[in-house]
Amino acid sequence: GYRVSLQGNFFGHNQTYMAFLEYNPRKHIKLDPPLNIQSNATASKCQIWWSMWNVPWYLTEILQYELQYKEYSMSWEVAMNKTLPSSLPQVEIEATELHSGVTYAARVRCKISENENSYHSQWSEWSQTTVFQRADVPKVSEKILNIKTMQYLFIPLSFGTLLYLFWNCKLSSRYWCFLTLGQKASSALIFPHQLLSFSHSTVCTMGILR
């Protein structure tokens, strides 16, 4: 550590003021704010990214970011704050958190992660803002909607038609078999009757001849 003192002339006397008896620079860090913040909003999400400058490489992996965004016309005092879980200089906002047709402004700041024991810092100043607006969900045309509707209905309608034809063919086959069996039964009943008639005629003829 270091010993930090202030020396000056106070009320006509040279005096030394001891500011820090033991000063450790690692525990008193304030980083520059993020730069080049940009955004890209779609119908499903908004991506925001930025870059860091003048940060040692061994600190970039232990950085912590805080995102702040609001409706463009509102005050920052009512903005939404998000502490990001990753040290990557990027974040995504889901479309469900944004209103369609509303313009938003966002900014970000950084510091050393609170989970790090070797270093300690306070929040940097806020970055410049980026402005974005959630894209509207594209409307499906009526023609495309009708085509998709027909595609969804085609399978059940085709299945129903085939089932109907199969059932009718089955009933027709049963009816045809019934008619065939009926005709055979009628023939079987007629044949003995004809045989009896023939036998009766033969007997009568022989009686006359006698």
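As a reminder, the structure under discussion sits directly above these lines.
Since the structure is predicted, the reported quantities are computational estimates derived from the model, not experimental observations. (Residues numbered from 1 in each chain as written. Predicted model: local features only at pLDDT ≥ 70, side-chain atom pairs only at ≥ 80, totals over all residues. Heavy atoms only, no water.)

Caption draft 1: Seen up close, the packing of aromatic side chains. Summed over all chains, the structure comprises 4 aromatic pairs. On the numbers, 5.7 Å between centres and 85 degrees between planes, the contact of Trp57 with Tyr58 is edge-to-face. Centroid distance Tyr104 to Phe132: 5.8 Å. Interplanar angle 15 degrees. Geometry classified as stacked. With Tyr104 in strand S9 (residues 103-112) and Phe132 in strand S11 (residues 130-133), the pair connects residues that are 28 residues apart, well separated along the chain. Neither residue differs from the other here; Tyr104 and Phe132 are each classed as buried. In this structure an aromatic cluster arises from ring pairing among Trp57, Tyr58 and Tyr119. Stacked on the ring of Tyr72, the Lys or Arg Lys70 has its end atom at 5.9 Å from the ring centre. (Phe/Tyr/Trp six-rings, centres within 6.5 Å; stacked < 30°, edge-to-face > 60°. Helix = DSSP H or I, 4+ residues; strand = E, 2+ residues; numbered from the N terminus. Buried < 20%, exposed > 50% of the residue type's maximum accessible area, 1.4 Å probe, protein only. Lys NZ or Arg CZ within 6 Å of the ring centre and 35° of its normal.)

Caption draft 2: Fine view of the nonpolar core. Core analysis: the biggest nonpolar cluster contains 24 residues, and Ile48, Trp50, Leu67, Ile93 and Phe132 have the highest contact counts within it. Listed by contribution, the elements that provide at least two residues to this core are strand S5 (45-51), strand S6 (63-71), strand S8 (90-94) and S9. The greatest single-element share of this core, amounting to 5 residues, is contributed by S9. Contacts of Ile93, omitting those with residues within four sequence positions, involve Lys45, Cys46, Ile48, Leu67, Tyr69, Leu98 and Phe132. (Core = buried A, V, L, I, M, F, W, Y, C linked by side-chain atoms within 4.5 Å. Contact = heavy atoms within 4.5 Å.)

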